[in-house]
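Residue-level structural notes
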Amino acid sequence: MPNDQKYLEKIKQSIIDGDDQVSAAATREAVEAGVDPLEILNNGLMAGANVVGQRFETGQYFLPQLMLAGRALKAAMALVEPELKEKYAGEARAASDTGVVVMATVKTDIHDIGKNIVSSMLTASGFEVYDLGVDVPIKTIIAKAQEVNANIIGCSALLTTSMPFMRDLVNLLEAMGERQRFKVMVGGASVTPEFTEKIGADGTARNAVKAVQLAQRLIREQRIETGATA
Amino acid sequence: MSTQKHKIIFQPMGIRAEVEHGMAVRTAARQAGVAIDSICGEKATCGKCKVVLQRGNFPKEAITSLDQHLAPPGANEIKYWDRRQKGLIAQGEDPSAFRLSCQARVLGDVVVFVPKSSRSVQQVVRKAARERNIDVRPMLRKIYVELDPATLANPLADWERVKAALSIADPLTRGPNDLPLDIPKLSIDLPALRDLQRILRQGDWRITVTVRGGHEVVRVEPGFSDRLAGMSIDVGTTTIAGHVCDLHSGEVLATADMMNPQIGYGEDIMSRMSFAAEEDRGLEEMHRVLLDSIDRLARQAARQAGMKASEIVELVIVGNTVMHHFLLGLDTLYLSRAPYVPSIHASLDVRARDVGLSAANPGAVVHLLPVTASFVGPDNMGVLLAEAPHEQDEVWLIVDVGTNAELVLGNRERLICTSTPTGPAFEGGHIEYGMRAAEGAIESVQIDPQTLLPRVKVVGSELWSDEPGAPPARGICGSGIIEAVAELYRVGLVKPDGQFDLSRSSPNLEIDGDKVAYVLTESSLETIGRPIPITQEDVRQIQLAKAPLYVAAKYLLNRFGVERPDRILLAGGFGSHIDPEKAMLLGMIPDCPLDRVHAVGNSAGDGARIALLNRDKRGEAAQLLQRLERIELPAQPGFQDQFTLALHIPHMVDPYPNLEGRSPPRDIDPMVYRLFGDHIPGIDRPKPE
């Protein structure tokens, strides 16, 4: 519907501008006008987040813009989420490609600015995030993931010397027979796609917006895998 | 497993080596003594290790060098070159000959050319001894004694005979700054004892004895000898520099320096710690290469001073905590892991031979200054001894900048220190055309505020690029990047939030779709063959590097309870090359009158020399260790908000009255209200104890 498009454009722009008042107002308008909440999520909010991510990549946007975009997302999500649940009931998460994420800076590292930004972007995008903080033993991370029945474990390390603990986490999951149950995403200043592949994690992202996209992709993959095995 | 070997030749050095099948070119180069740069730690991202395959038949060497003699590039390397292919073609190069030596594995005989930009042995070493007034109060003393020869009637052992003579000679030969002998406790070091009988007879019962600390003989020489030499050494992450000194006069007899050979294992300290932890015998190897180079440095400096290295009877070695641990062969694993605890805080006296050093005298002792913390090491203690903030009424801020920055704030009342990672940007890493401060690296930048045109100066030349005869630039080093970004901000091409201002037009501003860059200079053909730009992403990297530095200073100022320091000292080789005004424009350092910001050069090395010449300073260091308060930055409340505020150039809100008239007018960026509302976060001042 062309009318929908007008609402969606406005929502998308509010995310790009990082304006949480406009994003909330525009989302409310759209919901009241009967726009499908999934449309709002994917073609409004996430479309805006995409642009923010691209601008962050080229350096046009920076951390403050990213934080503001996160807030604008969060304000809008608060309105979209109940609609999603109502319309898609138990399927809301499936429909929105979100899920439960356990986040932590691994044992031996206490640097957390990057991890915090990813946590808040994930929350803003509708994920249920359990952020365990810094210097977290891998057993604690796994125990929490089991307890909350997480879809994804996200772990971070800034220091090169702390990165081996992410490998240990993947290995421990294997040893426990729990590797298939959780997707593992890793991040931090020194983490590369090669490292990610080497330790057998499921993905890494260069910035917080990409991390959200990665998490959504992992959720989709997981759905297909579990669907296939079910 | 195949143990097949291949021949490899490195040009233009002409170094030949045999290499195991499958070994990376860079590893082979390292074994052959050819140092090839790497900033990324062999992750195929920095491109500093690029080499060019020389194809063809080289009959003189009996080598046929072919493409298939290097394993084809993997996904990472392909990704790296994809982006650069056009530039290489435009320059008339064949991109398929270019390889990353950290990735390319040798499968057959090859000849590779190592371009100048990839060689890591040409850094400008920025460490010379500074004139300083040092009280000479050496730890050692030389005493000449004449003995009655042993006879059948008086068969007293040689050592007891020497000891008796020393007790008589001590008061007669003691200078005002000499330590008195503690005769009852006086002992002799085993190597000296082994020499004693022979030397006594060789010198016809006249010998010169070197006594350390008033209680131990460490050396015996036949006849009269006056020369008492020691060496101070500063082991930096990149360079090792040392001075051989006369311990009587305090004079510097010779100065020598070299690259830290560990660079071959990784440019930054974290990758070397990873190497030590992850590789089989990695720690041992880091220990060994350091010892080898210190021995070589000692021999080289001694030769320059016209003596043998075995004349050196005392060494003071400083370095960061990781170098301290590598030197002693201590595990570095726990230094980098929370709670970041070093093996030892206290200063140490260790025999050079126990450390594993062999060039100095067998009785020589290495003194190591105290370790404050994992990331605040003996080098920092050296800086404190040299600059003496603890003797001042003024409040001084001392900043030592590198990939890790150490900061100390205080005066005679109180001293507080902290450290913060700044990332590799200040050393040219993560910067598109970044390089270390080697010949041809842009180190100074000026932008004309009217024409918005740049001119640059490169390391190794006094000429600006618009002057005839100026050499071409090959890349940009840390100080150059800082100057470039500060200048871009000063002339208004970069806004306080770090974005390029696209409403300004400059012929050097290049806009390619989403990508914006400011071109500093045409570069030389030999190396890159493209103009050297500062990209938007480069500006972001500098913002990320400078913000934690400012935040660290702010937490220290807050803890101390002052608004701004009375004086700022920029320590280290890098600090000496930063223009204080530009550092302040960028917001690397807090506000302070500009004439009170000083570069103090290599004070860590000066501190080592001070501790070498004046034993009392070693006690002073021990007291400083007790007094230094430490702040662990990331653990501080509000750190993330302060970091966000400090990303702006020079800062989102904090005033810089001393920049008035030098920076563009500063309006409050409405961004701050959008981020924080009406309550801009400050740091809660800790309650007085």
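What you see is a predicted model; the values in this text were computed from it and never measured.

Topic: the overall build of chain B
From N to C terminus, chain B includes 18 helices and 29 strands. Seen through its principal axes, chain B has C-alpha atoms that stretch 100 × 75 × 50 Å. Buried positions account for 60% of the 689 residues belonging to chain B. Partitioning the contacts of chain B with sequence separation of at least 6, the portion at a separation of at least 24 is 68%. Carbon together with sulfur atoms contributes 49% to the accessible area of chain B, which is approximately 27,700 Å² in total.

Here we look at the overall build of chain A
When helices and strands are counted, chain A shows ten helices and five strands. Since a compact globule built from 230 residues should have a radius of gyration of about 17 Å, the 18 Å found for chain A is in line with a globular shape. When the backbone C-alpha atoms are referred to their principal axes, chain A occupies close to 55 × 45 × 25 Å. In chain A, buried positions account for 56% of the 230 residues. Across chain A, the fraction of contacts at a sequence separation of at least 24, relative to all contacts at a separation of at least 6, is 74%. Here chain A has roughly 9,500 Å² of accessible surface; of this, 50% comes from carbon and sulfur atoms.

Here we look at the nonpolar core
Here is a general trend for soluble globular proteins: nonpolar side chains tend to be buried in one another's company. Of all hydrophobic cores here, the largest spans 130 residues; its most connected members are Leu 45 of chain A together with Met 588 of chain B. If you tally residues by element for this core, the top one is helix 12 (residues 536-560) of chain B, at 13 residues. Once residues lying within four places of it in the same chain are set aside, the contact partners of Met 588 of chain B are Val 401, Phe 426, Ile 482, Lys 546, Leu 549, Tyr 550, Ile 578 and Ala 583 of chain B.

Quick look at the packing of helix 7 (residues 138-147) of chain A against helix 8 (residues 164-176) of chain A
Residues and elements named next belong to chain A. Packing of helix 7 against helix 8 brings their axes to within 10 Å, and their N-to-C directions diverge by 50°. Relative to helix 8, helix 7 is oriented oblique. The two elements helix 7 and helix 8 cross, and the hand of that crossing is right-handed. Residues Ile 138, Lys 139, Ile 141, Ile 142 and Gln 146 of helix 7 lie in contact with helix 8, whose contacting residues are Phe 165, Asp 168, Leu 169, Leu 172, Leu 173 and Met 176. In terms of residue class, the contact of helix 7 with helix 8 is built from eight nonpolar, one polar and two charged.

Remarks on the sheet that holds strand 7 (residues 110-113) of chain B
Across a sheet, paired strands are connected by hydrogen bonds in the backbone, their directions being either parallel or antiparallel. Residues and elements named next belong to chain B. Across the sheet, which stays open at both edges, the five strands sit in the order 2-1-7-3-6 with mixed pairing between neighbours. Here the strands that pair on one side only, and so sit at the sheet edges, are strand 2 (15-20) and strand 6 (98-100). Taken pair by pair, the neighbouring strands of this sheet meet at an average axis angle of 35°, ignoring direction. Where strand 1 (residues 5-11) and strand 7 come together, four bridges link them in parallel fashion. Residue pairing for strand 7: Phe 10 is matched across the bridge by Val 112.

Side note on the interface of chain A and chain B
Between chain A and chain B, the residue contacts involve 36 residues of the former and 31 residues of the latter. In this assembly, chain A packs against chain B so that about 3,000 Å² is buried in total across both faces, 60% of it on carbon and sulfur atoms. In this assembly, chain A and chain B are joined by one salt bridge. For Glu 278 of chain B, the salt bridge goes to Arg 167 of chain A, with nearest N and O atoms at 3.5 Å. Put simply, chain A and chain B have 13 residue pairs in polar contact (both at pLDDT 80 or more) between them. When contributions to the side of chain A that touches chain B are tallied by element, the ones reaching two or more residues are helix 3 (37-58), helix 4 (63-88), helix 6 (113-124), helix 8 and helix 9 (193-199) of chain A. Taken together, the residues of the side of chain A that touches chain B break down into 15 nonpolar, 13 polar and eight charged.

Some points on helix 11 (residues 478-490) of chain B
The periodicity of an α-helix, 3.6 residues per turn, causes residues three or four places apart in sequence to face the same way. Residue and element names in this part refer to chain B. Counted at 1.5 Å a residue, the expected span for helix 11 with its 13 residues is 18 Å, and the 18 Å between its end C-alpha atoms agrees. Within helix 11, twelve of the 13 residues are buried, leaving the element largely enclosed by the surrounding structure. Burial in helix 11 covers these residues: Gly 478, Ser 479, Gly 480, Ile 481, Ile 482, Glu 483, Ala 484, Val 485, Ala 486, Glu 487, Leu 488 and Tyr 489. Looking one or two residues past helix 11, Gly 492 carries a phi angle of roughly 85°, positive in sign.

Examining the environment of Thr 420 of chain B
Residues and elements named next belong to chain B. Within the element layout of this structure, Thr 420 appears in strand 20 (residues 415-421). With a relative accessible area of 3%, Thr 420 lands in the buried category. Here the alpha-carbon distance between Thr 420 and Ile 610, two residues 190 residues apart in the chain, equals 27 Å. The residues touching Thr 420, leaving out its near neighbours within four places in the chain, are Asn 404, Ala 405, Leu 407, Pro 548, Leu 549, Ala 552 and Leu 633.

Here's the deal with the packing of helix 4 (residues 158-173) of chain B against helix 5 (residues 190-202) of chain B
Residues and elements named next belong to chain B. Orientation of helix 4 relative to helix 5, taken along the N-to-C sense of each, is 75°, at an axis distance of 10 Å. With respect to their mutual orientation, helix 4 and helix 5 come out roughly perpendicular. Contact residues: Asp 158, Trp 159 and Val 162 in helix 4; Leu 193, Leu 196, Gln 197, Leu 200 and Arg 201 in helix 5.

Some words on the packing of aromatic side chains
Residues and elements named next belong to chain B. Within this structure, the stated rule accounts for seven aromatic pairs over all chains. Ring geometry for Tyr 550 and Tyr 656: centres 6.4 Å apart, planes at 45°, overall tilted. On the criterion of sequence distance, the pair formed by Tyr 550 in helix 12 and Tyr 656 in the loop between helix 17 (639-645) and helix 18 (671-676) is long-range, its members being 106 residues apart. For Tyr 550, a relative accessible area of 7% corresponds to the buried category.

As for the pairing of strand 10 (residues 206-212) of chain B
Residue and element names in this part refer to chain B. Of all seven residues that make up strand 10, six are buried, and the element is covered over most of its length. As paired strands, strand 8 (residues 140-146) and strand 10 are joined by seven bridges and run antiparallel to one another. By the bridge assignment for strand 10, Val 145 is matched with Ile 207. Sheet topology places strand 10 next to strand 11 (residues 216-222); six bridges connect them, and they run antiparallel. Opposite Thr 210, over in strand 11, you have Arg 219 as the bridge partner. Linkage of strand 10 to strand 11, two consecutive antiparallel strands, is achieved through a turn of three residues, within which Gly 213 is found at a positive phi near 65°.

A word on helix 7 of chain A
Residue and element names in this part refer to chain A. When helix 7 is considered as a whole, its buried residues turn out to be Ile 138, Ile 141, Ile 142 and Ala 145. With its buried residues spanning 95° around the axis, helix 7 presents them on a single face. In helix 7, the exposed positions that point more than 90 degrees away from the buried face belong to Lys 139 and Glu 147. Along its buried surface, helix 7 packs onto strand 1 (100-105), strand 3 (152-156) and helix 8.

Focus on the sheet that holds strand 23 (residues 475-476) of chain B
All names here are of chain B. The strand order across the open sheet built from three strands is 22-21-23, with neighbouring strands paired in mixed fashion. With one partner strand each, in any of the chains shown, strand 22 (454-458) and strand 23 form the two edges of the open sheet. Summarising the sheet, strand 21 (residues 441-447) and strand 22 pair through five bridges and their orientation is antiparallel. Directly across from Ser 444, in strand 22, lies its bridge partner Lys 457. Those strands touched by helix 11 are strand 21 and strand 23, and its axis lies near 15° from that of strand 21.

What about the side chain of Ser 293 of chain B?
Residues and elements named next belong to chain B. Along the chain, Ser 293 falls in helix 7 (residues 282-304). Classification of Ser 293 by relative accessible area gives buried; the value is 0%. Residues contacting Ser 293, with those up to four places away along its chain left out, are Ile 240, Met 258 and Pro 261.

With respect to unusual backbone geometry
Cis peptide bonds are those with omega within 30 degrees of zero, and the linkage from Ala 338 of chain B to Pro 339 of chain B qualifies with 5°. Note the cis peptide between Ile 649 of chain B and Pro 650 of chain B, where omega equals -10°. When you line up the elements, Pro 650 of chain B lands in the loop between helix 17 and helix 18. Even without glycine at this site, Thr 108 of chain A takes up a positive phi of about 80°.

Things to note about the confidence of the model for chain B
Residues and elements named next belong to chain B. Taken over all residues, the pLDDT of chain B has a mean of 89, while the share at 70 or more is 93%. Taken together, the stretch residues 121-127 has pLDDT below 50 and engages in 28 contacts with residues farther than four places along the chain or on a different chain. Of the regions scoring below 50 in pLDDT, residues 525-529 engages in eleven contacts with residues more than four places distant in sequence or in other chains. Reported for the predicted complex are a pTM of 0.82 and an ipTM of 0.87.

Quick notes on the rules
Residue positions within a chain follow its written sequence, with the count starting from 1. The order in which chains are written sets their letters, starting at A; the order in which ligands are written sets their numbers, starting at 1. Residue-level local features of this predicted model are given only where pLDDT is at least 70; pairs of side-chain atoms are given and counted only at 80 or more, and the full residue set underlies all totals for whole chains, interfaces and linings. Hydrogens and water molecules were not included; the side-chain quantities draw on all heavy atoms of the structure. Helical segments are the DSSP runs of H or I of at least four residues, strand segments are the runs of E of at least two, and each set is numbered from the N terminus. Under the scheme applied here, a residue whose accessible area is under 20% of the maximum for its type counts as buried, over 50% as exposed, and between as partly exposed, the area being computed with a 1.4 Å probe on protein chains only. Any two residues whose heavy atoms approach within 4.5 Å at even a single point are treated as in contact. Note on areas: Shrake-Rupley, 1.4 Å probe, and residue coverage restricted to the protein chains presented here. A radius of gyration in this sense is built from C-alpha atoms; the matching globule rule multiplies 2.2 Å by the number of residues raised to 0.38. Nonpolar core, defined: a set of buried Ala, Val, Leu, Ile, Met, Phe, Trp, Tyr and Cys residues in which side-chain atoms within 4.5 Å join the residues together. What counts as an axis is a line fitted to C-alpha atoms, over the stretch in contact for a helix, and the angles between N-to-C directions run from 0 to 180 degrees. Under this scheme an angle from 65 to 115 degrees is roughly perpendicular, one under 35 degrees roughly parallel, and one over 145 degrees roughly antiparallel; angles in between are oblique. Handedness of each helix crossing follows the sense of rotation of the near helix against the far helix: counterclockwise by less than a right angle gives left-handed, clockwise gives right-handed. Under the scheme applied here, ten amino acids are nonpolar (Ala, Val, Leu, Ile, Met, Phe, Trp, Tyr, Cys and Pro), four are charged (Asp, Glu, Lys and Arg), and all others, including Gly, are polar. Following DSSP output, two strands are said to pair if at least two bridges run between them. Buried area: the accessible surface (1.4 Å probe) lost by two parts on joining, summed over both. By salt bridge we mean one thing: a side-chain nitrogen of Lys or Arg within 4 Å of a carboxyl oxygen of Asp or Glu. By the criterion applied in these results, polar contacts are pairs of N or O atoms within 3.5 Å in which, for protein atoms, one can donate a hydrogen and the other can accept it, and in which residues neighboring in sequence qualify only through two side-chain atoms. Here a helix's expected span is defined as the number of its residues, less one, multiplied by 1.5 Å. Any Phe, Tyr or Trp ring, taking Trp's six-membered ring, that has another such ring centre within 6.5 Å forms a pair; planes under 30 degrees apart are called stacked, those over 60 apart edge-to-face, and the others tilted. What the arc measures is the spread of directions leading from the helix axis to the C-beta atoms. Known as pLDDT, the predictor's per-residue confidence is scaled from 0 to 100.

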